[in-house]
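Structure assessment
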Amino acid sequence: MRRSRLAARVVGGRKGKCHIISSTKSCYSSSSTLNVEGARKELNFYLNGKKTTVKNPEPDVTLIEYIRSTGLTGTKLTCQEGGCGACTVTVSYLEPRSNQPKHKAVNSCLMPLCGVDGMAVTTTEGLGSVKTGLHPVQKALSNCFGSQCGFCTPGFVMAINSTLQSNPNVELEDLEKCIDGNLCRCTGYRPIADAMKQLVDQHDVIKPKILSQQQSAEQIINQNPSNDLLHFQGKRSEWYTPNSLTSLLKLKLQYPKSKLVVGNTEIGIEQKILHREYPVLICPTKIPELRTFKVTQDSLVVGSIYPLSDLFENLKRIAREGEDKAPEFLFQRNLSIKALIEQLNWFSGTSIRNTACLGGNIATGSPISDVNPVLVALDAKIYIAKDDGKGGIHERVAHASQFFGPKYRQVDLHDTEVITRIEIPLNTSNQYVRAFKHSKRREDDIAIVNSAMSVTFKQEEKAERMKIEDIRLAFGGMGPCTVQAKKTEQFLNGKEWNYENIQKAVSLIVDELKLEPDSPGGMESFRTTMSASFLYSFFLSVSKHIIESGRSVPGFTSDQLKRESLGGEPLPFHIPMKSTQSFPIHNELYSKQNPNFNSEQKQNQNQNQNQQQDNKESDKPEMIGSWIPAVHSSAERQVSGEAIYTDDIPRFHNELVAAIIPSVIPKGELIAIDWDGIAADEALKNRFEHILTVKDIPGDNLIGDIVHDEEVFVSKKITAVGQAIGCVLGTDYTDVRWAARRISEKYVKYNDDTANAIFSITEAIQKDSFFPGAHTIDTSKVQNLKGTGKDVERVFSSTPKERIVTGELKIGGQEHFYFEPQVSLVEPRDGGEIIIHTSTQNLMKTQKLTASVLAVPNNKVVAKVRRIGGGFGGKETQNIVYACIAAVGASKYNRPVRLVLTRDEDMMFTGKRHPFMARYKVAFEPNGKITAAEVSIFNNGGFSHDLSWPVMDRSLFHLDNSYKFDAMRVSGRVCKTNVASNTAFRGFGGPQGMMVCETWIEHVAHVLGKDPCEIREINFYPSPDPNLKETEVRKDLTHFGQAVDLPIREMWQEFMADSQYKERKQQIEQYNKENKWRKKGIAAVPVKFGLSFTATLLNQGSSLVHIYTDGSVLISHGGVEMGQGLHTKVIQVASQTLGVPLSHIYVSETATDKIANSSATAASMGSDIYGMATLNACNELKSRLEPYLAKNNNDFKKAVTSAYVDRVNLSAQGFHKVPVTGYDFVNGIGKPFHYFTNGFSCTEVLLDTLTSNFIPLRTDITLDLGQSINPAIDIGQIEGAYLQGLGWLTTEELVYGDREHKWVRPGWNKTNGPGNYKIPTMDDVPREWNVKIRRGKWNEGVVMGSKGVGEPPLFLGASTIFAIRSAVMEARKEEGREEKWLEVDAPWTKERIRMACGDGIVREVLKKGGEDEEGQWKARGSF
């Protein structure tokens, strides 16, 4: 939970419970109004060491909005809810109570500008720069390849910096913990972990710099103390910062509906995402009385606004002291403290905990608060104060057990009251306390269900058995508020602590906490299961203490305890990460220069940073594949905040900003816009200047990548939520976004046909809703196979039924979650020219379709981009409509227009990875050799074609993964539904196809009782036969008839030995025998991925290379840099070809006026196409320069000058087309791929089956990349892709308002931000991670013999879910339920994992819920 305000949402208090415990006279007069005439009206703070004064700032402006308005654009705005960390900055301030300096990382997207008075704010620009020198944190991240797209990087820099500045002697574990609120979509986190390790290892070197920085900040804040009463009057709201408790209470009396803002983690989200406006905001952070913390003999006393991070650190300190050397009472009473630590450890991220407070959690009354169940279980006292208007302050106490509910967010707090402190009892020596939390991922996530439990036993010293005196069972996520299981408590109170009673209690709690169908939040059976599981885990935990103390638990023996005890313990908070990265050195030139170099060495990047830096600054040209790879060409600018992205371009004079008016229904018709209503609405006055609609489009309203079937603005027919009805233009983003939301909900008139909307694949099949066409590949008809392909029907008819399996698999979609949202900035120029600055992977289509919409020729539109902050396919087509809309506004009003989607808009409006459904039928021999496979697959295309057919085609091509199937018939259809049009995503359908294939491999293995790896190996493609005659047909032809040409089986055997699969599997089997509730699983999977666009015409590209007379080189090519290192590789190619140092080569922005007709940067073909085009251009230039180099002793600069004097052309355009022919589905002819990239991954997981929490313990990955141009960048791509694949198949579940989720607004994406959609964090990274680029042969016809790497490794994340499946099957063995094939849809969320375990608790829940208890229960999902 990231809730921190005090009384920001109050439903009302309860009468008759206001017990006054103190009454004091105010120093003010009896007047109820606070005199603010003397209040300061200006804000004073320091920004990067410079004093800043803002007169009467707007109360709803956040710190990041102000920072970026000053031109400091290094701090990035990504989510606006404190859920990603990209906006992290360091704030230094004097703690009001102790007057001690504090240095904290905060989310500037939530931090109100008005809240930083008297503070020193530091952004990444304030640490260092390329010109002045990088800060140690910046340098470490850059050199360790910890920055790819770079959009999240400044946030990591500042999170790490804040921790170092706060404690220069920090340990590695603390550094790793400090980024628990920072997400990265590119790197896989491992290089970031390497950077932190380097900082710890170089502690003595960097400490003076950190101390100097710390002293500078402390000098500033000590010289500028601030405790003034502040008052700011904005155009939308009013702000107060009281300087005493008395003034706070008077303000609350004067403005009872005001909102108290501490961390702004609730109000800020409501303002920016829900577009709510609050007239009066009060910030009490300067009041010392509210920031107390002390430990008494019996309790903890915590001030209501005491930061949760300080509380967390103090509790950990007390726990350590209690275990080591503190007084006896601390040791005996540590369980209350440990319960709080357990919850705070997983409470949001560090930057949220730094500002959030306990009082805010309590006053908000969230039903999923992490700490409120602990307070209820311990029956904490909540102290509440108010001003009665007569000069007195009244204080009363409320008990946590009576404070919450019964209605949603209802609390026992009146509008004029303020929580001042919380008194939390310490447990007694005969009391046991535990806290639990379950969420989609462990780190930085809101709870699905949480709980705290306390049991007190009767004091009977000689009693062997324990009798319960009092038990409290508090739960969050099981109702509209924090609830107690009072019936279960009543049953247990007074009873003996034994196995039988707990079993009955588990059954009782299933009844008591049963949720009604379609309850808000869904997952009803799972949530009940978790509540009962928590109770049983509590039983195990307490029983362990009892038995180890020499007493007994009837019905539960010490042998049972031995097997079950781990079920009563949480998984480890922290397991140190270790990793290796290894790659071969291929380059002969490099080997000759380094004769003693071992070409198969493992790289530890932390040990080679000085070498890397030396290499970067060397005057020698780059050697491809060298031991010290070139650092990402933009890394230093990215870590220092100097790298410019589209929205970092300074505001133009007279610029307009835009906000989309979205459709709010999934299906229907647009009747009209109520223009009169808009004009008459006083709330809309002065909010905007113009509204664009379909009538403003001068050209075509229809666009699309292949089929033009998507409207820029809705003309009549509405087919999904989020389509643009219109667009509001104005000068203030807050205003136009608020206006757009109000107009869409209030003034757009619809004919609503939601009842007939189609959301899922299943519904589309039932209603025959498909886009035209169907593609089929049948081996018996594929001409490429030259008659060797078999007919599936014949094979099936000759195969016994017991050797045929059938199944159905659904695979969910995936949000791209690129960090830079969709953004376009369009500027009109003279002559009707339009310049589009846009975050896109596809400049050609952006240019072409915008020109079509504006009814101008393509040469009047220039689309350009310097870099994008992540794409993953989501900016191949989805950006275009927003570029068109901005261009319409810019063209019509002749003013620049900037359109930036917010994170929630982006996730609501744009398409995702396609959900798939597959139905398979597979025949096999007794040894596991698969003889035939028939598969029908469907994907959810959304409301328009977009790229759904090419995605489907690639899926069909990859249904074989790495296996030779002689008889296959695969067919695919694209479903037409009422959701945003799904689109390209890394892998482009290939991973979905391979997932289907691997599922039937597992199915066959299950039926035969074999290790799935045995089935994999026996079915691999054979290696190329060097003795094959020209007249013979190759045996390694795919089902579509293309030669694989890979030694897959040999590579697999080598990989299995490297990963120690067999030895570890034996160890795992022993571990699983010894533990009931903890299971380990291990799995290995292959990948074979086809490289090239399947649309032949896209396999082309150009590069323009200029050599200037000073010897410097400028390259413009058609590829887009999105973090994959494309520009870096292009520079390396040019460096080696021309013999020029890296530092002499620069790649400029990608633009359509430099390179025309460039294909999208996608399909892992960027380096293949633009690297080769650059190579061709450089070779042409090299041939022109050869005579001049010979004359000038190979001095490049002199040779260039001589050539210029001789009037030699020093510019060259290189062009490359990939030698593929495409594929004819009708006749089965063609070559869709240039080559295949292949590899393997093996993952071992540890699963807690009671909670379904899991940890990837170890992952080994091997990939053949031919001759890697830059091994470090390629390894970064491998790791990032793997983790993205892991997320796709585990934590990243999309939830829409469909028939399966009736509690969500129809057609709306519930998972529309980091609060609800969970990409992996660093906690999800394998604790041991070994990545190897295998020595491969030269890849003929590809630049420098390399292979594409961006997409192939993504599917390797599937090794994680198959390892989880293995662990789940071990859990089912405990119940004798392992014989039946377990059909589980993907992603394998924790809900699906827990319910699949099929233990007694699960069966009890399903039985009482009237659901299937035979192990085939399926979670609802949006497919």
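Note that this is a predicted model, so its numbers are computed, not measured.

Overall, mixed pairing links the four strands, which are arranged 42-41-40-44 in an open sheet. Bordering the open sheet on either side are strand 42 (1145-1147) and strand 44 (1211-1217), each of which pairs with just one other strand. Taken pair by pair, the neighbouring strands of this sheet meet at an average axis angle of 20°, ignoring direction. Summarising the sheet, strand 40 (residues 1100-1107) and strand 44 pair through seven bridges and their orientation is antiparallel. Across the sheet, Ser1103 pairs through a bridge with Gly1214, a residue of strand 44.

Attention now goes to the packing of aromatic side chains. All chains considered together, the criterion is met by 37 aromatic pairs. Taken together, a centroid distance of 5.2 Å and an interplanar angle of 70° make the contact between Phe539 and Phe556 edge-to-face. Here Phe539 is found in helix 17 (residues 524-548), whereas its partner Phe556 is found in the loop between helix 17 and helix 18 (558-564), with 17 residues between them in sequence. On the accessibility criterion, Phe539 (0% relative accessible area) is buried. With centroids separated by 5.5 Å and ring planes inclined at 10°, the aromatic side chains of Tyr963 and Phe1020 adopt a geometry described as stacked. One end of the pair, Tyr963, is in the loop between helix 29 (948-957) and strand 38 (968-976); the other, Phe1020, is in the loop between helix 31 (1012-1019) and helix 32 (1048-1058), with 57 residues separating them in the sequence. One exposure class covers both Tyr963 and Phe1020, and it is buried. Sitting above the plane of the Tyr733 ring, Arg737 keeps its charged end 4.1 Å from the centroid. Directly above the aromatic system of Tyr818 lies the positively charged group of Lys875, at a separation of 4.5 Å from the ring centroid.

Turning to the pattern of salt bridges, a few remarks are in order. Two side chains carrying opposite charge are able to pair once their charged atoms lie near each other. Under the counting rule described, the total for this entry stands at 90 salt bridges. For Lys286, the salt bridge goes to Asp117, with nearest N and O atoms at 2.7 Å. Of this pair, Lys286 sits in the loop between strand 10 (280-282) and strand 11 (293-295) while Asp117 sits in the loop between strand 5 (101-107) and strand 6 (120-122), and the two are 169 residues apart along the sequence. A residue is classified by how much of its surface remains accessible, and Lys286, at 10% relative accessible area, is buried. Take Asp117: its relative accessible area is 5%, and that puts it in the buried class. Here Glu1054 makes a salt bridge to Arg1334, at a shortest N to O gap of 3.3 Å. With Glu1054 in helix 32 and Arg1334 in strand 49 (residues 1328-1334), the pair connects residues that are 280 residues apart, well separated along the chain. It is possible to trace a salt-bridge network through shared partners that takes in Asp60, Lys235, Arg236, Glu277, Arg687, Asp732 and Asp735.

Assignment of secondary structure puts Arg551 in the loop between helix 17 and helix 18. Spatially, the C-alpha atom of Arg551 lies 8.1 Å from that of Ala463, the residues being 88 residues apart in sequence.

Geometrically, the link from Gly405 to Pro406 is a cis peptide bond, its omega value of 10° lying close to zero. Relative to the assigned elements, Pro406 resides in the loop between strand 14 (392-399) and strand 15 (418-425). Not every positive phi belongs to a glycine, and Ser1092 is a case in point at roughly 130°. Among the structural elements, Ser1092 can be located in the loop between strand 39 (1078-1091) and strand 40.

This brings us to the sheet that holds strand 8 (residues 238-241). Neighbouring strands of a sheet are bound in pairs by backbone hydrogen bonds; such pairs are parallel or else antiparallel. One open sheet accounts for four strands, arranged 7-8-10-9; its pairing is mixed. The open sheet has two edge strands, strand 7 (230-233) and strand 9 (259-260), and neither has a second partner. Sheet analysis places strand 7 next to strand 8, joined by four bridges and oriented antiparallel. Each residue of the ladder has a partner; that of Gln233, found in strand 8, is Glu238. Of the strands in this sheet, strand 8, strand 9 and strand 10 are in contact with helix 7 (residues 245-254), which crosses strand 10 at around 160°.

A few words now on the confidence of the model for the protein. On average, residues of the protein score 92 in pLDDT, and 93% of them are at 70 or above. Within the model, the stretch residues 587-618 combines pLDDT values under 50 with 62 contacts to residues more than four positions away or in other chains.

As a further point, take the pairing of strand 16 (residues 431-438). The buried count for strand 16 comes to eight of eight residues, which makes it a mostly enclosed element. Burial along strand 16 is two-sided: the face carrying Gln431, Val433, Ala435 and Lys437 and the face carrying Tyr432, Arg434, Phe436 and His438 are both buried. Two strands pair when backbone bridges link them, and strand 16 and strand 17 (residues 449-457) are joined in this way by eight bridges, in the antiparallel orientation. Within strand 17, the position partnered with Ala435 by the bridge is Ala452.

Time to look at the nonpolar core. Membership of the largest hydrophobic core comes to 172 residues, with the highest contact counts inside it found for Met995 and Trp1000. If one sorts the elements of this core by residue count, helix 38 (residues 1358-1374) sits on top with nine residues. In contact with Met995, other than residues within four places in its own chain, are Leu809, Ile811, Trp1288, Leu1289, Phe1355, Ala1358, Ile1361 and Phe1362. Within the second largest apolar cluster, 101 residues are counted, among which are Ile64, Leu492, Leu513 and Leu540.

Moving on to the packing of helix 30 (residues 990-1008) against helix 38. Axis separation between helix 30 and helix 38 bottoms out at 12 Å; the angle between their running directions is 25°. In terms of axis orientation, helix 30 runs roughly parallel to helix 38. Judged by the twist between their axes, the crossing of helix 30 over helix 38 is right-handed. Of helix 38, the residues touching helix 30 (which contributes Met995, Glu998, Thr999, Glu1002 and His1006) are Ala1358, Ile1361, Phe1362, Arg1365 and Met1369. Tallied by class, the residues present in the contact of helix 30 with helix 38 amount to five nonpolar, two polar and three charged.

In this fold, Asn701 is placed in the loop between strand 24 (690-692) and strand 25 (702-703). Relative accessible area serves as the criterion here: at 14%, Asn701 is assigned to the buried category. Here Glu711 takes part through its side chain, which lies 3.5 Å from a polar atom of the side chain of Asn701. A distance of 2.9 Å separates a polar atom in the side chain of Asn701 from the backbone oxygen of Phe713. In this structure, Asn701 is in contact with Val694, Glu710, Glu711, Val712, Phe713 and Ser715, ignoring residues within four places of it in sequence.

Turning our eyes to something else, we now look at the environment of Gln202. Tracing the chain through its elements places Gln202 in the loop between helix 5 (190-201) and helix 6 (203-223). Residues Gln202 and Pro136, spaced 66 residues apart in sequence, show a C-alpha to C-alpha distance of 9.4 Å.

Looking now at the pairing of strand 41 (residues 1113-1117). Across the five residues of strand 41, five count as buried, placing the element largely inside the fold. Side chains Val1113, Ile1115 and His1117 of strand 41 all project onto a buried face; the interleaved residues Leu1114 and Ser1116 project onto the opposite face, where all are buried too. Pairing analysis gives five bridges linking strand 40 to strand 41, with the strands arranged antiparallel. Each bridged residue has a counterpart across the sheet, and for His1106 the counterpart in strand 41 is Leu1114. Between strand 40 and strand 41, which follow one another and run antiparallel, lie five residues, and Gly1111 among them has a positive phi close to 90°. In this sheet, strand 42 lies alongside strand 41 in parallel orientation, the contact comprising three bridges.

Rules of the game
- Residues numbered from 1 in each chain as written.
- Predicted model: local features only at pLDDT ≥ 70, side-chain atom pairs only at ≥ 80, totals over all residues.
- Heavy atoms only, no water.
- Pairing = 2+ DSSP bridges.
- Helix = DSSP H or I, 4+ residues; strand = E, 2+ residues; numbered from the N terminus.
- Axes fitted to C-alpha atoms, helices over the stretch in contact; angles between N-to-C directions.
- Phe/Tyr/Trp six-rings, centres within 6.5 Å; stacked < 30°, edge-to-face > 60°.
- Buried < 20%, exposed > 50% of the residue type's maximum accessible area, 1.4 Å probe, protein only.
- Lys NZ or Arg CZ within 6 Å of the ring centre and 35° of its normal.
- Salt bridge = Lys/Arg side-chain N within 4 Å of Asp/Glu carboxyl O.
- Contact = heavy atoms within 4.5 Å.
- pLDDT = per-residue confidence, 0-100.
- Core = buried A, V, L, I, M, F, W, Y, C linked by side-chain atoms within 4.5 Å.
- Parallel < 35°, antiparallel > 145°, perpendicular 65-115°, else oblique.
- Left-handed = near helix turned anticlockwise from the far one by under 90°.
- Nonpolar A, V, L, I, M, F, W, Y, C, P; charged D, E, K, R; others polar.
- Polar contact = N/O pair within 3.5 Å; in protein donor to acceptor, adjacent residues only side chain to side chain.

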